[in-house]
Amino acid sequence: MSTTAPAASSGTGGPGGPGATVGAAGGGRSRRVGRLLLTRAVQLPVVLLVISVLTFWLVQVVPGDPGRNALGPYATAEQVAQWNTRNGLDGPVAQRYLHWLGGFLTGDWGTSLRFSGPVRDLVMTRLGNSLALGLYAFALLVPLALVLGVVQARRRGQRVDRGLTIGLLTVSAVPEFVTGVLLLLVLAVKWPLFPVQSSPDAGSGPLEQVRLMTLPAVVLAVAHLAVLARMVRAGTIEAMAAPFHLTAVLKGLPPGRVVRSHVLRNALVPTLSVVGTYLGTLLGGAAVVETLFSYPGLGALLVAAADRKDVLLLTSGVVVTGLVSLLALLLTDLVFLLVDPRIRFGGRT
């Protein structure tokens, strides 16, 4: 996407002057933000409703019986049927879904079959842990990707660019669990700088919490680093080829100021869509990494719920995860409007 350097200035002219232009631009941006929020307010419930229907239905059709899973292989068919009846797992699927939906909307998310506890407490507690881990990984990922992408763009075609490209592609080709195991062997076993398991104790302080989350956060950040750095590199190269960059250089501005004020803002426009997608993924829980490091996050909780066909826990957790991802995308769209006021949503450009 080709963009131009931001040129708005805060003038104080009369009607039709710079001040009026800035005011009109601000009003247009407010209207676009309002229209975007109104559109998402209509779309979000519909999307979440579809997600909940599909999840609830899929849990019913996949092989396995929750009663058999709970009572074991030696329970009789009558005992399994009685267990399912006591836990509200008999009857038409549509009737049970509507019963769950009514409880979910009123705050009664039911009781987990797997953990025998309130679903709402389980999901919200694990969601908080996943949000902390996701934000930590995001804080590591974005600055590092920006630095690497800008360095590659400024050294385009040179050894540094080629070396970083090969290194990032190599890292991105390694599965998360392999990267995690390697980090555990090196940084937790050979040199015990970090714990093998990331389960926090009741008395853990903030610094200890950060230390516990470091290895899983690094694994999550590394997994998304290559693509994001490549996006920053491509955007930076495009911005550096634009006339406004040449003008800034000819004016004798310091290279650092040129990058910060004229290149990065324009280079970030195509990168933001990827950042928003990754943010939703990181905040919604990363099942593989959380399971590998025994981190009590939402992803690991959903894996356990799927293993036991815990339909109430799984459906509620998936809906909450979907809501977090959609809100992350909404935040990305709002940042789009702030970074590039020319962007329109809803099919108009």
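Residues numbered from 1 in each chain as written. Predicted model: local features only at pLDDT ≥ 70, side-chain atom pairs only at ≥ 80, totals over all residues. Heavy atoms only, no water.

- The name given to the chain in an unreviewed UniProt entry is Peptide/nickel transport system permease protein, with the source organism recorded as Kineococcus aurantiacus.
- Listed under Subcellular location (unreviewed entry) in UniProt, the entry text for the chain is "Cell membrane". (UniProt positions renumbered as here; feature names shortened; annotations may be inferred.)

**Examining helix 3 (residues 77-86)**
Step number 1: Those residues of helix 3 lying buried are V80, W83 and N84. Along the axis of helix 3, the buried positions cluster into a sector of 100°, meaning they face one direction only. In this structure, helix 3 carries E78 and R86 as exposed residues pointing more than 90 degrees from its buried face.
Step number 2: Residues of helix 3 that are buried make contact with helix 2 (66-71).
Step number 3: Of the residues one or two after helix 3, G88 is the one with positive phi, at around 70°. (Buried < 20%, exposed > 50% of the residue type's maximum accessible area, 1.4 Å probe, protein only. Helix = DSSP H or I, 4+ residues; strand = E, 2+ residues; numbered from the N terminus. Arc of directions from axis to C-beta. Contact = heavy atoms within 4.5 Å.)

**What about the packing of aromatic side chains?**
Step number 1: Taken as a whole and assessed by the stated rule, the structure comprises five aromatic pairs.
Step number 2: Plain terms: the ring middles of F56 and Y97 are 5.5 Å apart, the flat faces sit at 70° to each other, and that makes the pair edge-to-face. One end of the pair, F56, is in helix 1 (residues 18-61); the other, Y97, is in helix 4 (residues 93-105), with 41 residues separating them in the sequence. Here F56 and Y97 have matching classes, each one buried.
Step number 3: With 5.8 Å between their ring centres and 35° between their planes, Y97 and W100 make a pair best called tilted. Of the two residues, Y97 and W100 are both situated in helix 4; the distance of three residues between them amounts to about one turn of the helix.
Step number 4: Look at Y97 and you get buried, because its relative accessible area is 11%.
Step number 5: Classification of W100 as buried rests on a relative accessible area of 4%.
Step number 6: Each residue in the set F56, Y97, W100, F104 and W109 is aromatic and connected to the rest through ring pairs, giving one cluster.
Step number 7: Over the aromatic face of F115 sits the side chain of R114, whose NZ or CZ is 4.8 Å from the ring centroid.
Step number 8: K190 extends its terminal NZ or CZ atom over the ring of W191, reaching a point 5.3 Å from the ring centre. (Phe/Tyr/Trp six-rings, centres within 6.5 Å; stacked < 30°, edge-to-face > 60°. Lys NZ or Arg CZ within 6 Å of the ring centre and 35° of its normal.)

**Side note on unusual backbone geometry**
Step number 1: In this structure, S116 is a non-glycine residue whose phi angle is positive, near 55°.
Step number 2: Relative accessible area serves as the criterion here: at 62%, S116 is assigned to the exposed category.
Step number 3: Its identity as a non-glycine residue notwithstanding, K309 has a phi of 50°, on the positive side.
Step number 4: Tracing the sequence through the fold places K309 in the loop between helix 12 (298-307) and helix 13 (311-339).
Step number 5: According to the relative accessible area criterion, K309 is buried, its value standing at 8%.

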